[in-house]
Amino acid sequence: MSSSQDRGSVGRVINHKDYYLRGGDMSVLIGNHLYRIHSFFFYRESLEWRQMLDSPPNGGEHGTADAPSPFTLDDVKSEDFERFLWVIYNPQYSVYDASFETWLSILKLAHRWSFCNIKELAIRELEKLPIEPIEKIVAYHEYKINKTLLLPAYITMCKRDKPLTLAEGTSLGMETVLRLADARERARQQAAESGIRSPTFHDFEDALMEDMVREVFGIPPRQMSPGQHSRNSSGAFNGFGSFGGSNGFGFTSQNVNGETTSGLNGLDSATHKPSNTLRVSTEPLSPNGLTTKADGKKPQAPPKDEKPSSEPNGASSQQTGSGAADNKGGAGGKANGAGKTK
């Protein structure tokens, strides 16, 4: 880009039929076409153009009586610039019906001059068009567009039966060709490990191929929606973006003493009615460590072959039993002795 030009090298300069506008304050010369447009849009949208407009040569302004030399764009095609101006001066508001080639021209200049809004518009419109996978990959790589938008094109190329031709490989570039070959080889290896003898790329599901392509091309994994983070085994929504078994605020109901509690909001998760609060027993503990009235049941008597002990660890029962046996033996001995005396 330059601010002066050799008039004799381009021949006779003519005003552009559509974009030599009345009231324009900036002149641009491309080839032998002279454009007279408004600097406001360029100053507002592009930092590069803003710097150029803030520092005009010789203290004047381009295209004015003080500085009649227009901006000369030697490396821009007049057809591309005309398409670019069509976005700014479109006579049909919000109607941008154009071909792939037109949007590619617009994308090229928007990317070069950092017209972010126009670049986003071009990408949105390109996404609506049926584009060959290789053409889309080449264009999106060249203009640094998010690779996530290329996932369908990558998958199509990985599942294609025939290999890349020399011309296709040259346009894609070495790095992209190697990554596609890596993804295809991984798919074959996975098929062999799963027991498929003669697999074809159509045997692979798009979801599995997408995960593989994301890994090979360094694309971040798909983000889960907020509802998926709160999924549990029931898998049913309860109306608050969470799933069954939850009270709608991320607190899961629990079972306490055979009853269902509802977390912090005091609502039963099944009936959505106020539930009883969690009761804490104040009854004394029995020797076996259980409360006697917490469950509303009477304590069970010990088995017949066991006697309750009055001392810990049951030591008293054993000593008492052995002592009783000794006494009985002694009493019996006396009785037997007495009988013999008679």
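Criteria and thresholds
Residues numbered from 1 in each chain as written. Predicted model: local features only at pLDDT ≥ 70, side-chain atom pairs only at ≥ 80, totals over all residues. Heavy atoms only, no water. Helix = DSSP H or I, 4+ residues; strand = E, 2+ residues; numbered from the N terminus. Buried < 20%, exposed > 50% of the residue type's maximum accessible area, 1.4 Å probe, protein only. Contact = heavy atoms within 4.5 Å. Areas by Shrake-Rupley, 256 points an atom, 1.4 Å probe, with all protein chains shown as cover. Phe/Tyr/Trp six-rings, centres within 6.5 Å; stacked < 30°, edge-to-face > 60°. Lys NZ or Arg CZ within 6 Å of the ring centre and 35° of its normal. Pairing = 2+ DSSP bridges. Salt bridge = Lys/Arg side-chain N within 4 Å of Asp/Glu carboxyl O. Axes fitted to C-alpha atoms, helices over the stretch in contact; angles between N-to-C directions. Parallel < 35°, antiparallel > 145°, perpendicular 65-115°, else oblique. Nonpolar A, V, L, I, M, F, W, Y, C, P; charged D, E, K, R; others polar. Left-handed = near helix turned anticlockwise from the far one by under 90°. pLDDT = per-residue confidence, 0-100. Polar contact = N/O pair within 3.5 Å; in protein donor to acceptor, adjacent residues only side chain to side chain.

What follows is about the overall build of the chain. Within the chain, the secondary structure is distributed over 13 helices and six strands. Buried positions account for 30% of the 342 residues belonging to the chain. For the chain, restricting intrachain contacts to residue pairs at least 6 apart in sequence, the fraction spanning at least 24 positions comes to 46%. If you sum the accessible surface of the chain, you get close to 23000 Å²; carbon and sulfur atoms cover 52% of it.

Here we come to the packing of aromatic side chains. A full pass over the atoms with the stated rule returns 18 aromatic pairs. For the pair Tyr 35 and Phe 81, a centre-to-centre distance of 5.0 Å together with 85° between the ring planes defines the contact as edge-to-face. Of this pair, Tyr 35 sits in strand 3 (residues 33-37) while Phe 81 sits in helix 4 (residues 78-88), and the two are 46 residues apart along the sequence. Phe 81 gets classed as buried once you look at its relative accessible area, which sits at 0%. Judged by centre distance (5.0 Å) and plane angle (65°), the ring pair of Phe 42 and Trp 49 falls under edge-to-face. Clustering of aromatic rings is evident, with ring pairs tying together Tyr 35, Phe 42, Trp 49, Phe 71, Phe 81, Phe 84, Trp 113 and Phe 115. One Lys or Arg, Arg 50, reaches over the ring of Tyr 43 and ends 5.7 Å from the middle of that ring.

This part covers the pairing of strand 2 (residues 26-30). With five of its five residues buried, strand 2 lies for the most part within the structure. Side chains Met 26, Val 28 and Ile 30 of strand 2 all project onto a buried face; the interleaved residues Ser 27 and Leu 29 project onto the opposite face, where all are buried too. Note that strand 2 and strand 3 share five bridges and pair antiparallel. What sits directly across from Leu 29, in strand 3, is Leu 34. Hairpin connection, strand 2 to strand 3: the antiparallel pair is bridged by two residues, and Gly 31 has positive phi, about 65°. Alignment of strand 2 against strand 4 (residues 71-72), held across two bridges, turns out to be parallel.

Pairing of side chains with opposite charge becomes possible as their charged atoms draw close. Counting across every chain of the model gives 13 salt bridges. Its salt-bridge partner being Glu 125, residue Lys 128 comes within 3.2 Å of it at the nearest N-O pair. A relative accessible area of 14% places Glu 125 in the buried class. Where Glu 168 meets Arg 160, a salt bridge forms, and the shortest distance between an N and an O atom there is 2.9 Å.

What follows deals with helix 4. If you check which residues of helix 4 are buried, you get Ser 78, Asp 80, Phe 81, Phe 84, Leu 85, Trp 86 and Val 87. Where helix 4 is buried, its residues touch strand 1 (14-20), strand 2, strand 3, helix 2 (39-45), helix 5 (100-113) and helix 6 (116-127).

Glancing now at the packing of helix 8 (residues 151-158) against helix 11 (residues 206-217). The geometry of helix 8 relative to helix 11 is characterised by a closest axis approach of 10 Å and an angle of 105° between their N-to-C directions. Overall, the two elements helix 8 and helix 11 adopt an arrangement that is roughly perpendicular. On helix 11, the residues touching Leu 151, Tyr 154, Ile 155 and Cys 158 of helix 8 are Asp 206, Met 209, Glu 210, Val 213, Arg 214 and Phe 217. A per-class count over the contact of helix 8 with helix 11 returns seven nonpolar, no polar and three charged.

On to the side chain of Ser 105, then. Positionally, Ser 105 belongs in helix 5. Excluding residues that lie within four positions of it along the chain, Ser 105 makes contacts with Asp 80 and Arg 83.

Orientation of helix 7 (residues 133-142) relative to helix 8, taken along the N-to-C sense of each, is 135°, at an axis distance of 9 Å. Accordingly, the angle class assigned to the pair helix 7 and helix 8 is oblique. For helix 7 against helix 8, the interelement crossing comes out left-handed. For the pair helix 7 and helix 8, contact is made by Pro 133, Ile 134, Ile 137 and His 141 and by Ala 153, Tyr 154, Thr 156 and Met 157, respectively.

This prediction gives the chain a mean pLDDT of 72; 55% of its residues lie at or above 70. Averaged pLDDT values for the elements of the chain fall to 43 in helix 13 (residues 315-341) and rise to 97 in helix 5. Throughout residues 229-254 the model reports pLDDT below 50, and contacts reaching past four residues in sequence, or to other chains, amount to 45 contacts.

Here we come to the side chain of His 16. Within the element layout of this structure, His 16 appears in strand 1. At 3.2 Å, the side chain of His 16 forms a polar contact with the backbone nitrogen of Tyr 19. The residues touching His 16, leaving out its near neighbours within four places in the chain, are His 33, Leu 34, Tyr 35 and Glu 82.

Attention now moves to the environment of Cys 116. Looking at the element boundaries, Cys 116 is found in helix 6. On the accessibility criterion, Cys 116 (49% relative accessible area) is partly exposed. Once the C-alpha coordinates of Cys 116 and Ser 46 are considered, the two residues, 70 residues apart in sequence, prove to be 8.0 Å apart.

With that settled, the discussion passes to the sheet that holds strand 4. Taken in spatial order, the four strands make up an open sheet running 1-3-2-4, and their pairing is mixed. Taken across any chain shown, the strands that pair with only one partner, and hence form the sheet edges, are strand 1 and strand 4. Packed on one face of the sheet, helix 4 meets strand 1, strand 2 and strand 3 and runs near 20° to strand 3.

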